[in-house]
Amino acid sequence: MFTDEGLDIHYWKHCPMLRRCEHCKQVVEIASLTEHRLTECDKKDSFGKCQRCSEAIAKEDLQEHLKTKNCNAAKPEKIANHCPLCHENFQPGEEPWKVHLMGRDGCKMNPRRMQTLQRTQQLQAKPGTLATSRPGPTGIKGRSPTTTSRIPAPRAGLNKTTSRTLNRR
């Protein structure tokens, strides 16, 4: 059971679905990091959008970025998600974001993913913990597709039409 304080700490320091914006220090969903940088970030005026990969690129680097053509082209949102950390395209939808950002074979550029996996392995290694007493598969891959997420919903019922930035209280 989470306490409000424990949940805040999880969001701010550990949740592999979130990341602190290095420009404004707000905690933002990784899935909306590009949108945040272009529309919400305190430094939004210093970013431009690459028309090929759709990522937020520092304006001072944008011309070089476009000229080198080294970025991975983003597919339309209905066809694929595009990760702003590793620049890969993957299946569209919310569940694939969870698998990509939290899964054992997920985003290699998400530092919180590895921290979470290491903590989970440590918990599973301790005798008598809840994680070792449960039969059956564990982790994202073992979860049935009809199982609902155990990740608590962000406060304020955020969705695609509202801001996905978590503000500190």
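Just above sits the structure.
Residues numbered from 1 in each chain as written. Predicted model: local features only at pLDDT ≥ 70, side-chain atom pairs only at ≥ 80, totals over all residues. Heavy atoms only, no water.

Participant: What exactly am I supposed to notice about the nonpolar core here?
Facilitator: If you look at soluble globular proteins, the nonpolar side chains tend to sit buried side by side. Core analysis: the biggest nonpolar cluster contains 17 residues, and Met17, Cys83, Leu85, Trp97, Leu101 and Cys107 have the highest contact counts within it. Elements that contribute at least two residues to this core include exactly helix H1 (4–14) and helix H4 (94–102). With near-sequence residues (within four places) excluded, tryptophan 97 lies in contact with Met17, Ile30, Ala31, Asn81, His82, Cys83, Pro84 and Phe90. Counting five residues, the second largest nonpolar core, distinct from the first, contains Cys50, Cys53, Ile57 and Cys71. (Core = buried A, V, L, I, M, F, W, Y, C linked by side-chain atoms within 4.5 Å. Buried < 20%, exposed > 50% of the residue type's maximum accessible area, 1.4 Å probe, protein only. Helix = DSSP H or I, 4+ residues; strand = E, 2+ residues; numbered from the N terminus. Contact = heavy atoms within 4.5 Å.)

Participant: So what exactly am I meant to see when it comes to the side chain of histidine 82 here?
Facilitator: By the element assignment, histidine 82 lies in strand S5 (residues 81–82). At 2.7 Å, the side chain of histidine 82 forms a polar contact with the side chain of asparagine 89. Beyond its immediate sequence surroundings of up to four residues, histidine 82 is in contact with Cys53, Glu55, Asn72, Ala73, Ala74, His87, Glu88, Asn89 and Trp97. (Polar contact = N/O pair within 3.5 Å; in protein donor to acceptor, adjacent residues only side chain to side chain.)

Participant: Mind showing me how you'd approach the pattern of salt bridges here?
Facilitator: Proximity of charged atoms lets side chains of opposite charge pair with each other. Following the criterion strictly, the structure yields four salt bridges and no others. Of the charged contacts, one joins arginine 37 and glutamate 22 as a salt bridge, the two residues approaching to 2.8 Å between their closest N and O atoms. Pair noted here: arginine 37 is in helix H2 (residues 33–39) and glutamate 22 is in the loop between strand S1 (18–20) and strand S2 (27–29), with a separation of 15 residues, a long-range link. Lysine 67 serves as the salt-bridge partner of glutamate 64, at 3.8 Å between the closest nitrogen and oxygen. Of this pair, glutamate 64 and lysine 67 both sit in helix H3 (residues 59–68), three residues apart, which is roughly one turn of the helix. Among the residues examined, lysine 67 registers a relative accessible area of 62% and is labelled exposed. (Salt bridge = Lys/Arg side-chain N within 4 Å of Asp/Glu carboxyl O.)

Worth remembering: the numbers are spatial, not functional.
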